[in-house]
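Coordinates in review
The primary structure of each chain is shown beneath.
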Amino acid sequence: DAGITQSPRHKVTETGTPVTLRCHQTENHRYMYWYRQDPGHGLRLIHYSYGVKDTDKGEVSDGYSVSRSKTEDFLLTLESATSSQTSVYFCAISSLDRVTEAFFGQGTRLTVV
Amino acid sequence: AQSVTQLDSQVPVFEEAPVELRCNYSSSVSVYLFWYVQYPNQGLQLLLKYLSGSTLVESINGFEAEFNKSQTSFHLRKPSVHISDTAEYFCAVTGGSQGNLIFGKGTKLSVKP
């Protein structure tokens, strides 16, 4: 298994509070992604990173920010959590010369109450 | 923009029966295609991929998929399913502007005894 660790695995938080999810990799892959998974929507890209301090928005980036200060860590922050952000969040990594494949973490189940 | 359509959201089958999970993509350019599997409460695992070469690709656990360029399809098949194949299956294609994968909405395969 690719070395990807997401933390926490589960979190319940209140509306309006900030939340940070962490993705840690030991593969030294250049590209890291944050997806959210919702029933009937599959996986949708939130943000991605193509190197240290190099990030960009994905399909559903509103209300989210990211940071990557080290190759191995990619943080996703919900600036002010809303109930619509209740979801399962997945981190993925790829070496991506062009695209080969992406490896996924185990996911973080976030509930905003 | 690229898109992926998985034609069936749920597929119930009996054990040892054959199954086909359908996937169509929209693209006029070369693509790479993937099938991922997600077991309950787990992350996504790569099942098989088509990058180039033979249009028929196989996984180690008996699944196969055939790339059909003229029909823009990449259907997943297995001649005889097991209870342990119960999972959600996602078709994905390269083509996101960020190099990310574009996912279908998933097909839940339920194998019954």
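Refer to the structure printed above.
The structure reproduced in this document is the subject of the present report. This structure is a prediction, so every number in the text was calculated from the model and none was measured. (Residues numbered from 1 in each chain as written. Chains lettered and ligands numbered in written order. Predicted model: local features only at pLDDT ≥ 70, side-chain atom pairs only at ≥ 80, totals over all residues. Heavy atoms only, no water.)

1. Side note on the pairing of strand 7 (residues 64-70) of chain A
Residues and elements named next belong to chain A. Quick note on the threshold: When DSSP finds two or more bridges between a pair of strands, those strands are recorded as paired. Here a strand is any run of E in DSSP of at least two residues, a helix any run of H or I of at least four, and the numbering for each starts at the N terminus.
Pairing between strand 7 and strand 8 (residues 73-78): five bridges, direction antiparallel. What sits directly across from S67, in strand 8, is L75. Taking the residues that link successive antiparallel strands as the turn, the strand 7-strand 8 hairpin has two residues.

2. Some words on the environment of G51 of chain A
Residue and element names in this part refer to chain A. In plain terms, the rule: Residue burial is assigned from relative accessible area. The probe radius is 1.4 Å, only protein chains are included, and a residue is buried under 20% of its type maximum, exposed over 50%, and partly exposed in between. The contact definition used throughout considers only heavy atoms, calling two residues in contact when any of these lie within 4.5 Å.
For G51, the location among the structural elements is in strand 5 (residues 42-51). With relative accessibility at 12%, the residue G51 sits in the buried group. Separated by 20 residues in the primary sequence, G51 and Y31 place their C-alpha atoms 6.5 Å from one another. Discounting residues that sit within four places of it in the chain, G51 has contacts with R30 and R68.

3. Focus: the sheet that holds strand 1 (residues 4-7) of chain A
To summarise the sheet geometry, strands pair through backbone hydrogen bonds and adopt either a parallel or an antiparallel arrangement. All names here are of chain A. Quick note on the threshold: For every element, the axis is a line fit to its C-alpha atoms; helices are fit only across the contacting stretch, and the angle between N-to-C directions ranges from 0 to 180 degrees.
Read from one edge to the other, the open sheet built from four strands follows the order 1-3-8-7, with strand pairing classed as antiparallel. Sheet topology places strand 1 and strand 7 at the edges, where each strand pairs with a single neighbour. Strand after strand, the sheet turns through a mean of 20° between neighbouring axes, direction not considered. Relative to strand 3 (residues 19-25), strand 1 runs antiparallel, the two being bridged by four bridges. In the sheet register, Q6 faces strand 3, and the bridge partner there is C23.

4. Describing the nonpolar core
Just so we agree on the cut-off: By nonpolar core is meant a set of buried Ala, Val, Leu, Ile, Met, Phe, Trp, Tyr and Cys residues that side-chain atoms within 4.5 Å join together.
Residues L33, W35, L47, L48, F74, L76 and Y89 of chain B are the most contacted members of the largest nonpolar core, which totals 27 residues. Those residues within four positions of L33 of chain B in sequence are excluded, and the remaining contacts are Y25, L48, K49, Y50, F67, F74, A92 and V93 of chain B. Judged by nonpolar contacts, the second largest core, of 19 residues, contains W34, Y89, C91 and I93 of chain A.

Any functional reading would require information that these geometric values do not contain.
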